[in-house]
Amino acid sequence: MNKGDIRRYIRLQKQQFTASELSLLSEPIMRRLLVHPRIKAASTILMYYSLPDEVNTHDSLDRLIEDGKTVLLPAVISDTEMELRHYEGPKSLLGGFFDIMEPVGTPFTCLSTIDVAVIPGMGFDGMGHRLGRGRGYYDRFLPLIPQAYKIGICFPFQKLPGIPVDATDIPMDEVL
């Protein structure tokens, strides 16, 4: 299967579940993430504010802030670029590109201080290869934070035997 076929397949899989079922499926994944040794040790964490069909990160973002972590979220600034901004709670979010909730405020530029990056994907394989939504934002951004431990998170049905890999694809260090 090519990347487009895999994306269509995953979209069909996601449609088998209601929003509340996906939310329930998210809970054990996020519990594992919150107790992960890399997350516990991290000071600065890149996360994402989940879309309705992704592993739900909303409550976990607030938990990480309560734990004293610096939490960063991406904000799309053009057709090819995203930047990071501080997440300071749901009140700090506005709808951005693609109707994704994004933090307002100034860009976070101390990229070398990011300890862990938690990355969504359409699919992941056992080698940590990630298939995104096809726009390449993370593929262009992840080389800027080589020191960050990269954790992909997905639903069980998004784990695949293999994903086609391009030279620009950045593998995850681990997938939950």
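Undergrad: Can you lay out the sheet that holds strand 2 (residues 70-76) for me, pointing to particular residues and giving the numbers?
TA: Read across the sheet, seven strands follow the order 6-3-2-1-7-10-12 without closing on themselves; strand pairing throughout is mixed. Both edges of this open sheet fall to strand 6 (107-108) and strand 12 (174-175), since each of them pairs with a single strand only. Here three bridges tie strand 1 (residues 44-46) to strand 2, and the two strands are oriented parallel to one another. In the strand pairing of strand 2, Leu46 is matched with Leu72.

Undergrad: So, the sheet that holds strand 11 (residues 159-160): which residues are in play, and what are the values?
TA: Across the sheet, three strands lie side by side as 9-8-11; this open sheet has mixed pairing. What marks the edges here is a single partner per strand, and that holds for strand 9 (130-131) and strand 11. Alignment of strand 8 (residues 123-125) against strand 9, held across two bridges, turns out to be antiparallel. Bridging from a neighbouring strand, Gly123 pairs with Leu131 of strand 9.

Undergrad: Report on the side chain of Glu83, specifying residues and quantitative values.
TA: For Glu83, the position within the fold is in strand 3 (residues 82-86). We classify Glu83 as buried; its relative accessible area is 18%. Separated by 2.8 Å, the side chains of Glu83 and Arg85 make a polar contact. Excluding residues that lie within four positions of it along the chain, Glu83 makes contacts with Leu73, Pro74, Ala75, Ile77 and Pro107.

Undergrad: Outline the nonpolar core, supporting the account with residue identities and numerical values.
TA: Core analysis: the largest hydrophobic core is formed by 46 residues, its most contacted members being Met47, Ile114, Val118, Ile145 and Ile153. Those elements that place two or more of their residues in this core are helix 2 (19-34), strand 1, helix 4 (58-66), strand 2, strand 3, strand 7 (116-119), helix 5 (137-141) and strand 10 (149-152). Here this core takes five residues from helix 2, the largest share from any one element. Not counting residues within four places of it along the chain, the set of residues in contact with Ile153 comprises Ile29, Met30, Tyr48, Val55, Thr57, Val118, Ile119, Pro120, Gly121, Phe124 and Leu176. One finds Met122, Leu131, Leu160 and Ile163 within the second-largest nonpolar core, a separate group that totals six residues.

About the criteria used
- Residues numbered from 1 in each chain as written.
- Predicted model: local features only at pLDDT ≥ 70, side-chain atom pairs only at ≥ 80, totals over all residues.
- Heavy atoms only, no water.
- Pairing = 2+ DSSP bridges.
- Helix = DSSP H or I, 4+ residues; strand = E, 2+ residues; numbered from the N terminus.
- Buried < 20%, exposed > 50% of the residue type's maximum accessible area, 1.4 Å probe, protein only.
- Polar contact = N/O pair within 3.5 Å; in protein donor to acceptor, adjacent residues only side chain to side chain.
- Contact = heavy atoms within 4.5 Å.
- Core = buried A, V, L, I, M, F, W, Y, C linked by side-chain atoms within 4.5 Å.

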